[in-house]
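Descriptive analysis of the structure
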Amino acid sequence: SQTIHQWPATLVQPVGSPLSLECTVEGTSNPNLYWYRQAAGRGLQLLFYSVGIGQISSEVPQNLSASRPQDRQFILSSKKLLLSDSGFYLCAWSPGGVSGANVLTFGAGSRLTVL
Amino acid sequence: AQSVTQLGSHVSVSEGALVLLRCNYSSSVPPYLFWYVQYPNQGLQLLLKYTSAATLVKGINGFEAEFKKSETSFHLTKPSAHMSDAAEYFCAVSAPYAGGTSYGKLTFGQGTILTVHP
């Protein structure tokens, strides 16, 4: 069966510090990978998605970047965090290819607080 | 472009009462529709999905939703609420794969927090 891991679960960082959140998927190959951010009372916002190694699409301009160095690894980064980067970050995957592009399975999330 | 509107950011019901969470969508193509549930400080869990088969979709934990094209709605219901149903619920829409970069990305509503009273 497939599993998705996200870490760290909780992170408190000062403004201006770097960020690295990591997500890995097990039990599948060539998944589509996604990073969402959930801010209080604002639903879920898609930040990045990837359909393959090194292929990253950004949905909104922002202070964050994403990378996919391996097939089942997705990393969310920032060089200098802003207060507005605080939120709950969720990684998700869906089966690759045309038939399974819709059902997302989410990780447990990473809560980032920028002070 | 697609969008989802969830009517009511907070819904409160008594244990044993009917649960009705409302979702209306906008889509230029026949949509795929989803309901997810999120418990505090956890990720999202899929409750049910509509992918152009039967319009009445049954999901986990006794929930079901009906796709009504004429009303552009996909409301979530459960006949009898349990205390364990208290959570935040998200409606989401995506488009079937249509080539190019259309990868079925989900667009979520703002969420509805369900409170269940004893």
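Everything numeric here is computed off the predicted structure, so don't read it as measured data.

What to know about the interface of chain A and chain B
- Taken together, the contact pairs 21 residues of chain A with 23 residues of chain B.
- Taken together, the two surfaces of chain A and chain B that pack against each other cover about 1800 Å², and 58% of this comes from carbon and sulfur.
- Considering only the surface of chain A that becomes buried against chain B, Leu 44, Asn 102 and Phe 106 of chain A emerge as the three largest contributors, covering 29% of it.
- For the pair chain A and chain B, the interface holds 0 salt bridges.

Some words on the sheet that holds strand E8 (residues 73–78) of chain A
All names here are of chain A.
- Taking strand neighbours across the sheet as the criterion, the 4 strands line up as E1-E3-E8-E7 in an open arrangement whose pairing is antiparallel. Looking at the sheet topology across the chains shown, the edges are occupied by strand E1 (3–7) and strand E7 (65–70). Across the sheet, the mean angle separating the axes of adjacent strands is 20° when strand polarity is ignored.
- Bridge count for E7 against E8 is 4 bridges, and the pairing is antiparallel. Paired with Ser 67 across the bridge in E8 is Ile 75.

Notes on the pairing of strand E4 (residues 32–38) of chain A
Residues and elements named next belong to chain A.
- Across the 7 residues that make up E4, a large majority, 7, are buried.
- Two elements, E4 and strand E9 (residues 87–94), share 7 bridges in a ladder whose sense is antiparallel. Bridge pairing links Tyr 34 to Ala 92 in E9.
- As paired strands, E4 and strand E5 (residues 44–52) are joined by 6 bridges and run antiparallel to one another. Residue pairing across strands places Arg 37 opposite Gln 45, the latter belonging to E5.

Calculation criteria
Residues numbered from 1 in each chain as written. Chains lettered and ligands numbered in written order. Predicted model: local features only at pLDDT ≥ 70, side-chain atom pairs only at ≥ 80, totals over all residues. Heavy atoms only, no water. Contact = heavy atoms within 4.5 Å. Buried area = accessible area lost by both parts, 1.4 Å probe. Salt bridge = Lys/Arg side-chain N within 4 Å of Asp/Glu carboxyl O. Pairing = 2+ DSSP bridges. Helix = DSSP H or I, 4+ residues; strand = E, 2+ residues; numbered from the N terminus. Axes fitted to C-alpha atoms, helices over the stretch in contact; angles between N-to-C directions. Buried < 20%, exposed > 50% of the residue type's maximum accessible area, 1.4 Å probe, protein only.

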